[in-house]
Amino acid sequence: MPGNTAYFGLVEVMKPVAGETLLVSSASGAIGSLVGQIGKIKGCRVIGLAGNDQKVNWLRNEIGFDVALNYKQILSIQDTLKDVAPEGIDCYFDNVGGEMLYNVMECMNNLGRIGQCGSMASYNESAADGKLYANSMTFRYKNLSLLGFNTSRWTDKWTDGINQIQQWILKGDLKVEETITTGFENTPQAFIDMLEGKNIGKQIVKV
């Protein structure tokens with residue numbers, strides 16, 4: 001499922017064009033890492049956000065992201081994105097939602113596209129937490145589009161996505177990483193680790 005989520009979410013929802021700038025949050029995860037690599041295949045300049053330096057180095061040096069940033073060490077997301085993407089961001093593959101979405105929107109170009117895939121930043125929040133979310137004025141003034149999606153909408157094309165991803169893997173254009181936890185009894189901890197962002201690539205429990 002992560003493969004087709006990345007493939008259809010990027011190619012059919014966001015429709016990237018060669019030369020555009022693509023930003024991916026939770027970029028070292030099972031979906032985000034594939035999104036970035038597919039973006040490179042499509043000719044985009046790819047920027048990834050991740051939660052520690054090990055992940056940042058992996059994104060840059062192992063799977064070819066143009067820029068990778070440890071968002072936990074950034075004082076101002078908006079200022080940093082404007083530095084690394086001075087011409088603006090065209091596509092944002094959003095795996096986290098919340099305040100990150102608010103900040104990224106302020107750095108997007110006119111007619112920018114946002115694919116809303118996940119909400120990790122707000123799973124444990126309530127409306128009373130006072131966090132910043134999407135700015136409706138920015139949506140209008142920049143003519144932005146945001147589309148949430150679920151991969152069930154592409155069940156009729158499911159094997160097409162799998163076949164395309166397989167071809168890229170066999171050609172060496174796409175690399176897949178897995179974090180493996182051994183023992184069924186460790187499944188709860190593996191799930192917690194995934195939600196805390198401790199995995200790189202897909203989190204798997206080996207029974």
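Residues numbered from 1 in each chain as written. Predicted model: local features only at pLDDT ≥ 70, side-chain atom pairs only at ≥ 80, totals over all residues. Heavy atoms only, no water.

### Re the packing of helix 1 (residues 2–14) against helix 7 (residues 158–171)
Helix packing geometry: the angle between the two helix axes and the distance between the axes. Worth spelling out the cut-off: To obtain an axis, a line is fitted to C-alpha atoms, over the contacting stretch when the element is a helix, and the angle between two such axes runs from 0 to 180 degrees between their N-to-C directions. Comment: elements are numbered from the N terminus, with helices defined as DSSP H or I runs of at least four residues and strands as E runs of at least two. Angular relationships are summarised with four words: roughly parallel below 35 degrees, roughly antiparallel beyond 145, roughly perpendicular across 65 to 115, and oblique for the angles in between. The contact definition used throughout considers only heavy atoms, calling two residues in contact when any of these lie within 4.5 Å. In this classification, the charged set is Asp, Glu, Lys and Arg, the nonpolar set is Ala, Val, Leu, Ile, Met, Phe, Trp, Tyr, Cys and Pro, and all remaining amino acids, among them Gly, are polar.
Taken N-terminus to C-terminus, the directions of helix 1 and helix 7 make an angle of 95°; their axes are 9 Å apart at the nearest point. On the basis of the axis angle, helix 1 is roughly perpendicular to helix 7. The residues of helix 7 that touch helix 1, namely those facing Gly-3, Asn-4, Tyr-7 and Phe-8, are Trp-158, Gly-161, Ile-162, Gln-164, Ile-165 and Trp-168. Along the lines of polarity and charge, the residues of the contact of helix 1 with helix 7 split into 6 nonpolar, 4 polar and no charged.

### Details of helix 4 (residues 77–84)
The criterion, for reference: Exposure is judged per residue with a 1.4 Å probe applied to protein chains only, and the accessible area is read against the type maximum: over 50% gives exposed, under 20% gives buried, and values in between give partly exposed. Working note: the arc is built from the helix axis to C-beta atom directions.
Of all the positions in helix 4, only Ile-77, Gln-78, Thr-80, Leu-81 and Val-84 are classed as buried. The buried side chains of helix 4 occupy one side of the element, clustering within an arc of 165° when seen end-on. Of the surrounding elements, those touching the buried residues of helix 4 are strand 1 (21–24), strand 2 (45–50), strand 3 (67–70), strand 4 (89–94) and helix 5 (98–105).

### Considerations on the layout of surface pockets
We count it as follows: With a 1 Å grid spanning the protein atoms alone, the term cavity applies to any set of points in which a 1.4 Å probe fits but cannot get out, the term pocket to an open set with protein on both sides within 12 Å along at least five of seven lines, and the term lining residue to any residue with an atom within 4 Å of a point. Grid points are joined across faces, edges and corners, and a volume is the space filled by probe spheres set on the points.
Put simply, the second largest pocket is a space of about 260 Å³. Residue lining of the second largest pocket: 18 residues in total, with Pro-2, Gly-3, Leu-34, Ile-165 and Val-176 positioned closest to the centre. Elements with a contribution of two residues or more to the lining of the second largest pocket: helix 1, helix 2 (30–41) and helix 7. Looking at the lining of the second largest pocket, the element that brings in the most residues is helix 7, giving 4 residues. Tallied by class, residues from the lining of the second largest pocket come to 10 nonpolar, 4 polar and 4 charged.

### Points about the side chain of Asn-70
Here is the rule we go by: Residues adjacent in sequence count toward polar contacts only when both atoms are side-chain atoms; beyond that, a polar contact is any pair of N or O atoms within 3.5 Å, and within protein one must be able to donate a hydrogen and the other to accept it.
For Asn-70, the position within the fold is in strand 3. Exposure remark for Asn-70: the relative accessible area of 10% places this residue in the buried category. Here Asp-53 takes part through its side chain, which lies 3.2 Å from a polar atom of the side chain of Asn-70. Excluding anything up to four places from it in sequence, Asn-70 contacts Ala-50, Gly-51, Asn-52, Asp-53 and Val-56.

### Topic: the nonpolar core
Where we set the bar: We define a nonpolar core as any set of buried Ala, Val, Leu, Ile, Met, Phe, Trp, Tyr and Cys residues linked to one another through side-chain atoms lying within 4.5 Å.
Among the nonpolar cores identified, the biggest contains 29 residues, and Met-14, Leu-22, Val-24, Val-35, Ile-38 and Leu-59 are the most heavily contacted of them. Counting residues per element, the ones that place at least two in this core are helix 1, strand 1, helix 2, strand 2, helix 3 (53–61), strand 4 and helix 7. With 6 residues, helix 1 is the largest single contributor of residues to this core. Non-local contacts of Leu-22, meaning those with residues more than four positions away in its chain, are made with Leu-10, Met-14, Val-35, Gly-39, Cys-44, Arg-45, Val-46, Ile-47, Cys-91 and Phe-93.

### Some thoughts on the pattern of salt bridges
Note the threshold: For this analysis, a salt bridge means a side-chain nitrogen from Lys or Arg found within 4 Å of a carboxyl oxygen belonging to Asp or Glu.
Inspection of the entire model under this criterion finds 4 salt bridges. With a closest N to O distance of 2.8 Å, Arg-113 and Glu-20 form a salt bridge. You can see Arg-113 sitting in strand 5 (residues 108–116) and its partner Glu-20 sitting in the loop between helix 1 and strand 1, a full 93 residues away along the chain. With respect to class, Arg-113 is no different from Glu-20; both count as buried.

### Overview of the packing of aromatic side chains
As a reminder of what qualifies: For this analysis, a ring pair means two rings from Phe, Tyr or Trp (six-membered ring only for Trp) whose centres lie within 6.5 Å, classed as stacked if their planes differ by under 30 degrees, edge-to-face if by over 60, and tilted for the remaining angles.
One pass over the structure, following the stated rule, counts 5 aromatic pairs. Residues Phe-8 and Trp-154 carry aromatic rings whose centres are separated by 5.3 Å and whose planes lie at 15° to one another, so their mutual orientation is stacked. Residue Phe-8 is found in helix 1, and its partner Trp-154 is found in the loop between strand 6 (145–148) and helix 7; the two are separated by 146 residues along the sequence. As far as burial versus exposure is concerned, Phe-8 and Trp-154 are alike and both buried. One aromatic cluster is present, formed by Tyr-7, Phe-8, Phe-93, Phe-149, Trp-154 and Trp-168 through successive ring pairs.

That is the geometry; function is a separate question.
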